[in-house]
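Observations on the three-dimensional arrangement
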Amino acid sequence: MTEISTQDAASMRFREKFLFVVAVLLALLLAMAIGRQTTVETGYSNSYAALADGFLQGRLDVDKCFDSDCAKFDGKRYIVFPPVPAIVAMPFVAAFGPGFHHFMIIGVVALAASLWLWWRILEAMEVRRETALWLLLALTFASPLFYVTLRADKVWFFAHSIDFLLVSAALHEVLRGMSLVRAGIFIGAAFLCRQMSILLVPFLFALSLTPREPLISFGKAHIVRALKLGLPVAGAIAVYLTYNWLRFGDPMQTGYAYIAAPDLDHWSLINYRLTHIGLFSKDYVPFNAVYLFLQGFHVQWGGPDFLDIVAFDPMGTSIIAASPFVLLAIFAPATRPVVVGALCAALIAGITLFYHGNGYSQYNTQRFTLDWMPVMFFALALAVKEPIRPVFGLLATYGIVLNVAAIAVLAILPS
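Residues numbered from 1 in each chain as written. Predicted model: local features only at pLDDT ≥ 70, side-chain atom pairs only at ≥ 80, totals over all residues. Heavy atoms only, no water.

1. Examining the nonpolar core
Membership of the largest hydrophobic core comes to 130 residues, with the highest contact counts inside it found for Y48, W118, I187, F325, F377, L380 and F392. Broken down by element, this core gets its largest block of residues, 13 residues, from helix α7 (residues 155-175). If near-sequence neighbours (up to four positions away) are discounted, L380 is found in contact with L135, F325, V326, L328, A329 and F392. (Core = buried A, V, L, I, M, F, W, Y, C linked by side-chain atoms within 4.5 Å. Buried < 20%, exposed > 50% of the residue type's maximum accessible area, 1.4 Å probe, protein only. Helix = DSSP H or I, 4+ residues; strand = E, 2+ residues; numbered from the N terminus. Contact = heavy atoms within 4.5 Å.)

2. A few points about the environment of K220
Checked against the element boundaries, K220 lands in helix α10 (residues 220-248). Distance from K220 to F103, taken between C-alpha atoms, is 45 Å for residues 117 residues apart in sequence.

3. Brief notes about the packing of helix α14 (residues 336-353) against helix α15 (residues 373-383)
Contact pair α14 / α15: the axes reach a minimum separation of 9 Å and the direction vectors enclose 150°. It follows from the interaxial angle that α14 and α15 lie roughly antiparallel. Considering the relative orientation of α14 and α15, their crossing is left-handed. Across from P337, V338, G341 and A342 in α14, the residues of α15 making contact are V375, F378 and L382. For the contact of α14 with α15, a count of residues per class yields six nonpolar, one polar and no charged. (Axes fitted to C-alpha atoms, helices over the stretch in contact; angles between N-to-C directions. Parallel < 35°, antiparallel > 145°, perpendicular 65-115°, else oblique. Left-handed = near helix turned anticlockwise from the far one by under 90°. Nonpolar A, V, L, I, M, F, W, Y, C, P; charged D, E, K, R; others polar.)

4. Observations concerning the pairing of strand β1 (residues 70-73)
Pairing analysis gives four bridges linking β1 to strand β2 (residues 76-79), with the strands arranged antiparallel. In the sheet register, F73 faces β2, and the bridge partner there is K76. From the end of β1 to the start of β2, which pair antiparallel, there are two residues, and D74 there has a positive phi angle of about 55°. (Pairing = 2+ DSSP bridges.)

5. Considerations on unusual backbone geometry
Geometrically, the link from Y360 to S361 is a cis peptide bond, its omega value of -5° lying close to zero. Relative to the helices and strands, S361 is located in the loop between α14 and α15. In this structure, N364 takes a positive phi of about 55° despite not being glycine. Turning to its location among the elements, N364 is positioned in the loop between α14 and α15.

If you want it as structure tokens, here you go:
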């Protein structure tokens, strides 16, 4: 019986290694797709270049927007998005002008830096090397991080790339015991990329505590720790409120109220929703919930014989369908950081259910889930132990296959 069990274990290890090789080869195809995208990027297509150019001229407004999310207020144009990604782009725009067209390269560098940070995070969590490799492979090529890197040439996805790097840096500072002040600076900067990132602060604070320390306390050590993490975040909030006030005369006005155009001469989904329903509404919940949890890989067929691929769903694929390995997070131990992180993730996801968009346009992903994906991968790092690692590998490989299929479908569709 022991001999048979040993043979079964050896067979399982061989099949897992074979599966890993297959996953890596498929991932290389996706890496080639990212590489190709860096060569076809064009200038004047990422609004952060326009915003960076405005900053360099000492202005908060821009001469011209390069996308539809542009606010018109008091006779001026404004980019509605938070400013940090534009600050990242400023040295490059200073050197090459507002036509700078290498945001993809910055996105790839951000991806590489994020992976390095996550390797160190997993090392600090004492995750086995084989498991860490699977986790990083899944994160890079079977999660929303792949698509936002592939499309880092556009303003929305570039913001996600920089945000994920900054959140990862904050998590790294906490888990490696480096500096809560720097963690606060990083998560504050992430808030100035994607506002939802601020809701991960309780998760970071819970991670900073030892298991014996209470979550809530008015002791000196707790207060000092909260101030170290919280003061930089408060500073980032103050910067954002001031930024909004200087642009629109209202600290709470982000500019989204001014991007809708009732007199637009062509139909636009986002414009229609904003002018007829609003920025947030319960009416969006069913649509967003289906696309977040249920929607599958959706190719539309047409032609006289209904055998031609004519469209690919630009609303994306649910996180469970595109990245089914995330379901294994259920096996993470219910430690305090996991529970607090899950509550933070649920709050972020819950708010986005009421939002007017779900990340459109996107393919085989739900990019808004990247706002809480660090919590998910922290939980997966605790959940994926030896008995279920082959299952994780299989599901991650399937996620990579879906992205390869998505790239293939996009390649054959008419531009």
